[in-house]
Structures are given as C-alpha cells and as structure tokens.
Amino acid sequence: MLTVLSGPSGCGKTTILRKVLEDARVRRVVTATTRSPRPGEVHGRDYWFFSDAGFESLRAAGGLLESADNYGCSYGTPRSEVERPDDPRQVVLDIDPQGFRALRKTGTPVFGIFVAPPSLEALKARLLARGTETPDQLDRRIARAAADLEAAREYDAVVVNDRLEAAVSAVKKLMGLEA
Ligand code: ADP
Ligand code: 5GP
C-alpha cells in the first residue's frame, strides 16, 4: 500500500518524510520535475530533474501515473517508482493535494495523510524562513495554501505539524511502524 503525505507547500511534508525515512522499512517515491534543483538537491534522491522535452517524452510513453503543472514547472509520479512488486518496503510519496486527487482517480490503492500547518501565519513564517521562493512565488504558494486546506477532508487521516517530533510519530503510527 502506498502512503501519500500531502498538504500545502511549506506544511512540512519534506521535513517529516526525511525523519520517517530513517526507518529502513520505508522507501520514498522520487518524483519527476522540470524545475531547477535547489541548492543541496540531488538528482535521483530529491527529484528526477528533467528537461521539458525529457519530461514530455516520459509522459507520452505512459511512464507517469499522474502529472501536473505547478508554479510554471511540470511535476509527475513515475510509474517505475511506485510499481516495484519485489521490494518489501513500505512506500511513501510526498505530493500536493492536486496530485493526490489525480493519483486516487487512477485507482492506485493509497492511504492519504494530510499534513496541516498549525495556522496560515505559521505556514507563511516557515516558507519565509526556508527562503527558497521569490516574493512572488511566496504569495502564490500562500494563496494556494488556503484552498489546499479545504482538501483535508478527502484524506484518510490529518496530522497537524505543530511540534515536529509529534507529527513524525503520528505518521509512523498511521503507517504501523510505531505502536
Ligand atoms: P513542504 O515539503 O511541505 O513544502 P518543508 O518540509 O520544506 O515543507 O518545510 C517548510 C519549512 O518549515 C522548512 O524550512 C522546515 O524546516 C520548516 N518546518 C517543518 N516542520 C516544522 C515544524 N514542526 N516546526 C517549525 N518549522 C518546521
Ligand atoms: P517544490 O517545487 O516545492 O519541490 O514542489 C512544488 C509542488 O509540486 C509541491 O506541492 C509538491 O508536492 C508538488 N509535486 C512534487 N512532485 C509531484 C508529482 O509527482 N506530482 C504532482 N502532481 N505534484 C508534485
């Protein structure tokens, strides 16, 4: 069963996932994108970074379970990352609500966990602190976060990312990795 961690940009999906991945029974789906790597991001670990043409040919060949355009770049979930019948590890995918919805529609069995920020103010503060967006990008992400929060009800569980350790523990419990 595929576990999806979803929520607005800046809610802490990546941070929580990094902690969950310290458990050897878990692997992460590395998704594909056409955006440029941020400092420290590694091809094949954080994303598969593609040119526009490369992404398009993967999509045309049916290699993506779903794809979407976010903030002017393309993102998609490679089929080969999800469908690995010989790998016994649990699989986690970190994706936005639009991507989760698209994935659910494909009929892929997923357990959806919505990661919510304690408040929109906290979310904005975290995105500012992360410092990876231009002011314009930041405004767009905050504007979309308000709408994304409405999506929480479509999920199997909601975890509020207030104290990081508590959020990580809640996710691990939902995945059956912790009592
Ligand atoms: P996402 O992957 O959902 O876009 P990130 O994991 O990059 O979000 O988190 C956004 C920012 O918020 C990062 O700078 C991260 O260090 C910070 N952050 C994440 N979780 C918490 C938390 N529980 N408390 C305070 N800051 C947090
Ligand atoms: P970022 O540029 O901050 O890494 O990601 C931007 C947004 O794209 C995030 O909300 C992230 O969850 C989403 N995203 C990453 N990979 C995929 C994917 O494979 N499919 C979809 N639909 N969205 C993705």
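Bear in mind that the values here come from a model prediction, so they are computed numbers and not experimental data.

Asker: I'd like a description of the site of ligand 1, backed by residues and values.
Answerer: The local shell around ligand 1 holds 13 residues, among which Gly10, Thr14, Thr15, Arg130 and Asn161 are the closest. In the model, an oxygen atom of ligand 1 is placed 2.9 Å from a nitrogen or oxygen of the Lys13 main chain. At 3.0 Å, a backbone N or O of Asp162 approaches a nitrogen atom of ligand 1. Contributing elements (two or more residues each) for the shell around ligand 1: α1 (13–20) and α5 (120–130). Of the residues forming the shell around ligand 1, the biggest block, 3 residues, is contributed by α1. Per-class residue counts for the shell around ligand 1 are 3 nonpolar, 6 polar and 4 charged.

Asker: Account for the sheet that holds strand β8 (residues 110–116), with residues named and values stated.
Answerer: The 5 strands are arranged β2-β7-β1-β8-β9 in an open sheet whose pairing can be described as parallel. Pairing within the sheet leaves two strands with one partner each, and these edge strands are β2 (26–28) and β9 (157–160). Taking each pair of neighbouring strands and ignoring which way they run, the sheet shows an average axis angle of 25°. Sheet topology note: the β2/strand β7 (residues 90–94) ladder contains 3 bridges and is parallel. Bridged to Val26 within β7 is Gln90. Packing of helix α4 (residues 97–105) onto the sheet brings it into contact with β1 (2–6), β7 and β8, and relative to β8 it is tilted by some 165°.

How each quantity is defined
- Residues numbered from 1 in each chain as written.
- Chains lettered and ligands numbered in written order.
- Predicted model: local features only at pLDDT ≥ 70, side-chain atom pairs only at ≥ 80, totals over all residues.
- Heavy atoms only, no water.
- Near = heavy atom within 4 Å.
- Polar contact = N/O pair within 3.5 Å; in protein donor to acceptor, adjacent residues only side chain to side chain.
- Helix = DSSP H or I, 4+ residues; strand = E, 2+ residues; numbered from the N terminus.
- Nonpolar A, V, L, I, M, F, W, Y, C, P; charged D, E, K, R; others polar.
- Pairing = 2+ DSSP bridges.
- Axes fitted to C-alpha atoms, helices over the stretch in contact; angles between N-to-C directions.
- Contact = heavy atoms within 4.5 Å.

By themselves, these figures tell us nothing about what the structure is for.
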